[in-house]
Amino acid sequence: MPLLTLLGIALAMAPCRIEHPSRTVSWPAECGSLRVPENPAQPQGRQVELFVARVPAISRRKQADPLFLLAGGPGMGASSMYSGVAPAFARIGRDRDIVLVDQRGTGRSQALTCDMADLDANEDDASRIGPLTRACLESLQRKADVRQYTTSIAVQDLDRVRAALGYERINLYGASYGTRVAQHYLRRYPQRVRSLILDGVVAPTTILGPEMALDAESSLNQVLTRCAADTACRSHFPDPAADYRQLRAQLTKSP
């Protein structure tokens, strides 16, 4: 079990496997956890265990700068994200380590979750959503200072992991909310970034959440419109918009 230490930060890594949720496939890796202060201003206070996984490069002459994957959400852990998209990064994994850090409050980094099993996915009754949300917040506050689970603090965690693993510079791949994390990291630690890949950019000024449903429906309508205008797509799906409306009607009648 190699023990990596830099600037007083220690991170022990041991062999592990990153498993797909379906449990049908997994990938060999090295896993460990790094303790960081929940509140950076109180280094001796409550600690957060960050889950870290590294998929070692195949080449023995690998590049010195790894690829850090930043998940979307916010709420998804990087290890969960990788388990679903690993083949897409196979070529990068030939020459570079791939590092996965479950952001504080997500995945295996002391996830902040609430049981909302009794809330219908299409619930729009504010009289129910409000109390459930407040109850969720109250339950989380018993075990965490939720004010400390921000993007700004998360990028500090990310740089602690970089230092603990001994990397001078890193490459960042961010998807959706992960693009915001990547931009924030670059702004704070420009000397540590070799390259940045932003997939589905979320601008720092965008408020995530309130318009997700409207944005999703707008995207779907654009896909359907493009299909209707494309000869090959239209030959397979003559009227996709009508199919969509029919499907919704069926689900409304028999969820």
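Before reading further, recall that the structure is shown in the block above.
Everything numeric here is computed off the predicted structure, so don't read it as measured data. (Residues numbered from 1 in each chain as written. Predicted model: local features only at pLDDT ≥ 70, side-chain atom pairs only at ≥ 80, totals over all residues. Heavy atoms only, no water.)

Visitor: Could you give an account of the pattern of salt bridges, with specific residues and numbers?
Guide: Working definition: two side chains of opposite charge can pair if their charged atoms are close together. Under the criterion given, the structure shown has 12 salt bridges. One salt bridge connects Asp-97 with Lys-62, and the closest N-O pair in it is separated by 2.9 Å. Of this pair, Asp-97 sits in the loop between α2 (92-95) and β7 (98-101) while Lys-62 sits in the loop between β5 (47-55) and β6 (67-70); the two residues are 35 residues apart in sequence, bridging distant segments of the chain. Taking the relative accessible area as the measure of exposure, Lys-62 reaches 40% and is therefore partly exposed. Salt bridges sharing common partners tie together Asp-65, Arg-96 and Arg-194. (Salt bridge = Lys/Arg side-chain N within 4 Å of Asp/Glu carboxyl O. Helix = DSSP H or I, 4+ residues; strand = E, 2+ residues; numbered from the N terminus. Buried < 20%, exposed > 50% of the residue type's maximum accessible area, 1.4 Å probe, protein only.)

Visitor: Could you give me a rundown of the side chain of Thr-106, with the residues and numbers involved?
Guide: Inspection of the secondary structure assignment puts Thr-106 in the loop between β7 and α3 (126-141). In this view, Thr-106 contacts Gly-75, Met-76, Gly-77 and Ala-111; residues no more than four positions away in its chain are not counted. (Contact = heavy atoms within 4.5 Å.)

Visitor: Give me the lowdown on the pairing of β6, citing residues and values where you can.
Guide: Neither face of β6 is open: one carries Leu-67 and Leu-69, the other Phe-68 and Leu-70, and all of them are buried. As paired strands, β6 and β7 are joined by 3 bridges and run parallel to one another. Counted as the bridge partner of Leu-67 is Ile-98 from β7. Sheet topology places β6 next to strand β8 (residues 170-175); 4 bridges connect them, and they run parallel. Its bridge partner being in β8, Leu-69 is matched across the sheet by Tyr-173. (Pairing = 2+ DSSP bridges.)

Visitor: Can you explain the state of the cysteines? Please cite residues and give values.
Guide: Within the structure shown, the criterion is met by 3 disulfides. Across the disulfide, Cys-16 is cross-linked to Cys-31 (sulfur-sulfur distance 1.9 Å). Of note, the bridge from Cys-16 to Cys-31 carries an S-S torsion of about 65° and is right-handed in sense. Remark: Cys-31 occurs in strand β4 (residues 26-37) and Cys-16 occurs in strand β3 (residues 14-19); sequence separation between them is 15 residues. (Disulfide = S-S within 2.5 Å.)

Visitor: With reference to specific residues and values, describe the nonpolar core.
Guide: Judged by nonpolar contacts, the single largest core of 27 residues is most densely connected at Val-52, Phe-68, Val-161, Leu-165, Leu-172 and Tyr-185. Residue contacts for Val-161: discarding those within four places in its chain leaves Leu-34, Leu-50, Val-52, Phe-68 and Val-101. In terms of nonpolar packing, the next biggest core, distinct from the first, is built from 20 residues, Cys-16, Ala-53, Ala-78 and Ile-98 among them. (Core = buried A, V, L, I, M, F, W, Y, C linked by side-chain atoms within 4.5 Å.)

Visitor: Describe unusual backbone geometry, naming the residues involved and giving the relevant values.
Guide: Here Gly-73 and Pro-74 are connected by a cis peptide whose omega angle stands at 0°. As for its placement among the helices and strands, Pro-74 is situated in the loop between β6 and α1 (78-85). Positive phi is not limited to glycine here, since Gln-110 has a value of about 50°. Mapping Gln-110 onto the fold places it in the loop between β7 and α3. Take Gln-110: its relative accessible area is 36%, and that puts it in the partly exposed class. One non-glycine residue with positive phi stands out, namely Ser-176, at about 55°. Checked against the element boundaries, Ser-176 lands in the loop between β8 and α5 (177-188). The class for Ser-176 is partly exposed, based on a relative accessible area of 35%.

Visitor: Would you mind going over the packing of aromatic side chains in detail, with residue names and values included?
Guide: Tallying each qualifying case throughout the model produces 4 aromatic pairs. When the ring of Phe-89 is compared with that of Tyr-173, the centres are 5.1 Å apart and the planes differ by 80°; the resulting orientation is edge-to-face. Pair noted here: Phe-89 is in the loop between α1 and α2 and Tyr-173 is in strand β8, with a separation of 84 residues, a long-range link. Overall, the relative accessible area of 8% leaves Phe-89 in the buried class. For Tyr-173, a relative accessible area of 12% puts it in the buried group. Sitting over the face of the ring of Phe-51, Arg-108 holds its NZ or CZ atom 3.9 Å from the ring centroid. (Phe/Tyr/Trp six-rings, centres within 6.5 Å; stacked < 30°, edge-to-face > 60°. Lys NZ or Arg CZ within 6 Å of the ring centre and 35° of its normal.)

Visitor: Please provide a residue-by-residue account of the packing of helix α4 (residues 151-164) against α5, values included.
Guide: Across the interface, α4 lies against α5 with an axial gap of 9 Å and an inter-helix angle of 70°. Considering their axes alone, α4 and α5 lie roughly perpendicular with respect to each other. Pair α4 / α5 crosses with right-handed handedness. Residue-level contacts link Thr-151, Ser-152, Val-155, Gln-156, Leu-158, Asp-159 and Arg-162 of α4 to Tyr-177, Arg-180, Val-181, His-184, Tyr-185 and Arg-188 of α5. Class assignment of the residues belonging to the contact of α4 with α5 gives a composition of 5 nonpolar, 4 polar and 4 charged. (Axes fitted to C-alpha atoms, helices over the stretch in contact; angles between N-to-C directions. Parallel < 35°, antiparallel > 145°, perpendicular 65-115°, else oblique. Left-handed = near helix turned anticlockwise from the far one by under 90°. Nonpolar A, V, L, I, M, F, W, Y, C, P; charged D, E, K, R; others polar.)

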